Structure formats: structure tokens, C-alpha cells
Amino acid sequence: MPQLKPSWQLSLTTALVLLAVLLVCRLFRNRWTDVVAAFAQQFAVVMALLALWQRVGGLVHTRKDGAMERGRAVYALQGRLHLPDEVTLQAAVLPHPQVVWFFDTYYAYAHLNGMALFLVWLWWRHREWFARVRTSVVLLTLTCLLVQIVPVAPPRLLPALGFVDTAMANGRSVYGTFDAGLANQLSAMPSVHVGWAVVVGWYVWWASPSRWRFVGPLHTVLTVLAVTLTANHWWLDGIVAAGIFALVVPVGAVLHRLVALLREKTRRTDGDVAAPARETAPAQA
């Protein structure tokens, strides 16, 4: 599977292309163009959000001041909370190159690819869930972006604590060296990797009646292990992301109901306005 890693420019261009497709389909309405228009409308929002996250995140995380100190503070706090030590866990897997390769690869490919496949699957097979899931993804991602305004170094940038950047050591890094500036390398807290994986795990489990729905929660578990064992995130990065998701789900549900009520009110108003016109038409004739 190719690694989906679009630039913010490509994400924005994709959103604009989808918007153009939507407008064209509205001009030539039939059964198939309505389906294409619905798809274009939903995914234009997703790609626009992705572009915003990439662009703003890239601007924010050019600042380095305090990032390393905050990373060390997170590590110290985890010790006081008696969370499992990532250095010890890494030491257990480093002697096994196949395991390291698997989690490096999963970290690189399963994040954006997984969300893209999930959204397409959800829209195609369980479209009644799509609006609320999209709202959850939007709220989660924007909230994470706001928190990430404060840069925090991930474990792999703190080798003095004993961490190993496994992907860099094996030539599989999606980031490159820190000074290369290839990505938002100080956006460790909270982990969007884990946040999106929780979205996938939660909604696959509840939306699908299939016996294969365990694949969603399995993706969540593998993502948590991948971000931790490769030293790309702290435990607390994932815990905070999951906590944000738990908060945005009820907020998204309320927004979903408000939008539905507003649409229903609009339809009733339009119906009330149209009814007298239909009644008086015979008299005018």
C-alpha cells in the first residue's frame, strides 16, 4: 500500500477539486451525480480540515523553546503516575528486528491510510453514521491542534533518557533528522495518531454488525503500541487524545441533533410558505 502523505497544498487542492465536482453534479442532477455529489461534499470537508491541520501545525511547530524540557516533564510525570516505562518496553523489542520493522511500518502507513480507508468504508457501507463521525474527527483534530500550539518533544528526540528512534536507526523515518524540518516533529502532545485510531476503533465496533468489526479496536491497540515502541509518542500523548475524543463525542452528538432540528424546521417553514400558493392556484385560474 502506498503511504498517503500529502502536502497541505495537495490536500487543499483536492478539497477544491471535490468542491468543483460537487458544483458540476448539482448542475446535472440524476441518480449517479447525486451519489457523486454526496461523496464530494463530505470528503471536501475532510480534505480541507487536513490541509488546515498540516498548514497551521507546520507554522506553529517552528518554535523549539521549551519543547525538550516539556518532553522530559511528561516523562517524569508518567513515572509519578506509575505508567509503564517506554524505555523498558523498547529494550524488550529492540533485539527483535522483525517486530521493530512491523511497528515502524505500521506507524508510517496505518495512520492516514487507515483513516482514509475507514471514511470511505463508512460512507459506502454505513452512511447514516458518516455525519457524526466526520464531526467527531473535525472536533478532535482541531482540539488537538489547539493543544499542540505548545510544542512538546517526543521520546525519540530525547536519546539521553535512553530512547531509540527506531525508524531513523533503520532508515525508515518519515520525519528525517530534526533539523530537516520535514514534518511537525514537536507535536507529540496529544497524539493525533492515537486519536484517529480511537475514532476508527470506536465507530467500526459500533457501526458494523460484521464479525470482522474487531479490526477497528485492533487497529487502535496496534497504533498505541506502534507510537510507543518506536518512541514517537509518550503514553500520556495517547491518553490525552483519547480523553479529548471522549469529550467531543457527546458534543458532536448535540451538534448533530441541532443540525437535524434546524433542517426539519427549515423544511416545515418552506412547506408552510408553499401550501397557500398551491391552494390559491385554482382560484387564480
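The rules behind each value
Residues numbered from 1 in each chain as written. Predicted model: local features only at pLDDT ≥ 70, side-chain atom pairs only at ≥ 80, totals over all residues. Heavy atoms only, no water. Salt bridge = Lys/Arg side-chain N within 4 Å of Asp/Glu carboxyl O. Buried < 20%, exposed > 50% of the residue type's maximum accessible area, 1.4 Å probe, protein only. Core = buried A, V, L, I, M, F, W, Y, C linked by side-chain atoms within 4.5 Å. Helix = DSSP H or I, 4+ residues; strand = E, 2+ residues; numbered from the N terminus. Contact = heavy atoms within 4.5 Å. Arc of directions from axis to C-beta. Polar contact = N/O pair within 3.5 Å; in protein donor to acceptor, adjacent residues only side chain to side chain.

A.B. asks: Could you give me a rundown of the pattern of salt bridges, with the residues and numbers involved?
C.D. replies: Per the stated rule, a full pass over the model turns up one salt bridge. The partner of R156 in a salt bridge is D165, with the nearest N and O atoms 3.8 Å apart. Judged on exposure class, the residue R156 and its partner D165 are both buried.

A.B. asks: Pulling in residues and values, what's your account of the nonpolar core?
C.D. replies: In terms of nonpolar packing, the biggest core is built from 48 residues, with M115, F118, L119, V133, L140, W196 and V199 touching the most fellow members. Contributing elements (two or more residues each) for this core: α1 (8-27), α2 (31-60), α5 (97-125), α6 (130-147), α8 (192-207), α9 (215-229) and α10 (235-284). Element by element, the count of residues in this core is highest for α5, at 11 residues. Each residue touching V199, except ones within four places of it in the same chain, is listed here: M115, F118, V133, V137, L140 and F245. If you look at the next biggest cluster of nonpolar residues, it comprises nine residues, including V74, V152, L158 and F163.

A.B. asks: Kindly report on helix α4 (residues 86-93), identifying the contributing residues and their values.
C.D. replies: By the burial criterion, the buried members of α4 are E86, V87, Q90 and V93. Looking straight down α4, one finds that the buried residues subtend no more than 125° of arc, so they occupy a single side.

A.B. asks: Please provide a residue-by-residue account of the environment of A116, values included.
C.D. replies: Here A116 is to be found in helix α5. Sequence-wise, A116 and F43 are 73 residues apart; in three dimensions their C-alpha atoms are separated by 9.8 Å.

A.B. asks: Hey, could you go over the side chain of Q78 for me, with residue numbers and the actual values?
C.D. replies: Its place among the elements puts Q78 in helix α3 (residues 67-80). Here the side chain of Q78 touches E86 through a polar contact of 2.8 Å, side chain to side chain. Each residue touching Q78, except ones within four places of it in the same chain, is listed here: L83, E86, W234, W235 and L236.

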